[in-house]
Amino acid sequence: MVRIPSTMYVAVMCGLSSLATTARADTFTTAYPVTELHSVGAGNTAGSFVATAVMALQGFSNTPAPPSWEGYFTDKCHNATLTPLWPSACDPGGMYIALQDYTANYDWIREYWTETGQQDALNEMVSSLMDYHSPVMVPVYGQADHWLVVTQVTATKVGTNWNIGTVKVYDGGPTTGVDGSGTSYFAGTMMFSARAWLGTYFMLVTAINPSCDPVGCTSDPYYNTYVLVDEPPSGPRPPISTSFPPSPGVVPAGTMTAAVASASLWKSLSAAGIDGDAQVWNAIRGGTPGPALAVDAVFPSGAPWRYYLVPILANPTTAIGLAQLSMDDGGFQAIQVLPSAQPFTPIDATKARAAATGLLAAGETLTGGGLRWDPRGTGRLAKSPTHPYYEFGIVHAGKSAGVVRIALDGGAAVRE
């Protein structure tokens, strides 16, 4: 077993709030830098899982990946998996054994907790980075085919408790693909507020395998559990207590508007300490906040997640980042720092309604039309929290006849 010296974490000063006294926040990160990596395999494959495993190897021990790493680890994991319901018949138990076989001097493990154990799982996630500088691999949105590798957390100690500020991750899936729910994999660096992370890291319920979903793959040992894979030392860990509070608001609750969201972007990011992260801040600080867009989303649990999406623009048609601010008080929710400047051509609600109207049959009408994101279920329109869609209900003879979804960016239209 190789122990990583505790002195390898980096402590930085972050402005936790522009409205309150600045406190000292510590940044806990991986033993070695992690390079963003993406699989070829998308939804209902182990591709995302494998890519996060390779990034985790790099972050903990700087171990180079084998040639043809995606096929290599998929096969190794499959051969060690006892419950073949998982995508590519590669489950967390098979993956940690595959990692052990590849790095014999390390103790990769998989851990899981029942549906009441999210706090324990979160404590382990923070402990892994704080005490052992181990990257942490987790499934998100309740999807067995959508994995992120957690490479950094920021935290402020208050008494014996650690208040988490932000969680930084990379997505392992292909940047042009979607998981089994139709949610896109992320490109670039993603940073979540502590509270947004609570909703993103969700237990595996009915998204393990289409052959037994949505009724539920109840025979699978990971059903209804919070799962993570990491590399701690053998034996019990020191106990840790963590809290995941909301980021500081920048306006009084209930007074946020789209115009204020755009104008308050830098203030919100600074209040959450994002300006203390050189990688993220240097990538976005030259941009200009674009018009904010109200998104009425939900987390995988069904809990509401209402935020303003604020593009960070290099020019009027090109984005370098996409930020999410609370629709209530402008507090930081999440940010996606794109790997390079990308076209961003959002359509407005009027154009979206016109596109949706073009998909109607005789006698049908539209209802609704707000921007939405919902990771539950499946759909043919690629989506994500930073790439939401307009959703219209279809009514015929007074009854529901389906929905039309129009992608915000580019206007792709799907009737379902």
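Asker: Residue-level account of the pattern of salt bridges, with values.
Answerer: According to the stated counting rule, one finds ten salt bridges in the structure shown. Put simply, R237 and E124 hold a salt bridge, and the shortest N to O gap is 2.8 Å. Of this pair, R237 sits in the loop between β8 (225–230) and β9 (241–243) while E124 sits in helix α4 (residues 118–132), and the two are 113 residues apart along the sequence. Residue E416 pairs with R380 through a salt bridge whose shortest N-O separation is 3.9 Å. Taken together, the residues span a long stretch of sequence, with E416 in the segment after β18 (413–415) and R380 in the loop between β15 (364–373) and β16 (389–396) at a distance of 36 residues. Ionic contacts of the salt-bridge type, sharing partners, join the residues E111, E124, D230 and R237 into one network.

Asker: So, helix α3 (residues 92–102): which residues are in play, and what are the values?
Answerer: Buried within α3 we find P92, G93, G94, M95, A98 and L99. Buried-residue contacts for α3 involve α1 (47–61), α2 (69–80), β3 (109–114), β4 (136–139), β5 (147–158) and β8. Residue D91 occupies the N-cap position of α3, its side-chain oxygen lying 3.1 Å from the main-chain nitrogen of G93.

Asker: With reference to specific residues and values, describe the side chain of E70.
Answerer: You can see E70 is positioned in helix α2. Although E70 is buried, it makes no salt bridge; K76 carries the closest opposite charge, 17 Å away. Among the polar contacts listed, one links the side chain of E70 to the backbone nitrogen of V40, at a separation of 2.8 Å. A distance of 2.9 Å separates the side chain of E70 from the backbone nitrogen of G41, its partner in a polar contact.

Asker: Give a description of the nonpolar core that names residues and reports values.
Answerer: Ranked by size, the top nonpolar core spans 58 residues in total, and within it M125, V150 and W197 carry the most contacts. For this core, the leading source of residues is α4, giving six residues. Setting aside residues up to four positions removed in sequence, V150 forms contacts with M125, L129, P135, V136, V138, V167, K168, V169 and W197. Of all hydrophobic cores here, the second largest spans 33 residues; its members include F60, V149, I208 and V229.

Reading the values: rules and limits
Residues take numbers from 1 onward in each chain, read along the sequence in its written order. Only residues with pLDDT of at least 70 get local features here, since the model is predicted, and only at 80 or more are side-chain atom pairs given and counted; chain-wide, interface and lining totals rely on the full set of residues. Note: side-chain values were computed over all heavy atoms of the structure, leaving out hydrogens and water. One speaks of a salt bridge when a side-chain nitrogen belonging to Lys or Arg is within 4 Å of a carboxyl oxygen belonging to Asp or Glu. Secondary structure elements follow DSSP: runs of H or I no shorter than four residues count as helices, runs of E no shorter than two count as strands, and numbering proceeds from the N terminus. The rule is simple: take the accessible area with a 1.4 Å probe, protein chains only, and divide by the maximum for that residue type; under 20% is buried, over 50% is exposed, in between is partly exposed. The criterion used for residue contact is that any of the two residues' heavy atoms lie within 4.5 Å. Pairs of N or O atoms are called polar contacts if they sit within 3.5 Å, as long as, within protein, a hydrogen donor faces a hydrogen acceptor (for residues adjacent in sequence, only side-chain-to-side-chain pairs). We count Lys and Arg on the positive side and Asp and Glu on the negative side, and we leave His and both chain ends out. Put simply, buried Ala, Val, Leu, Ile, Met, Phe, Trp, Tyr and Cys residues joined by side-chain atoms within 4.5 Å make one nonpolar core.

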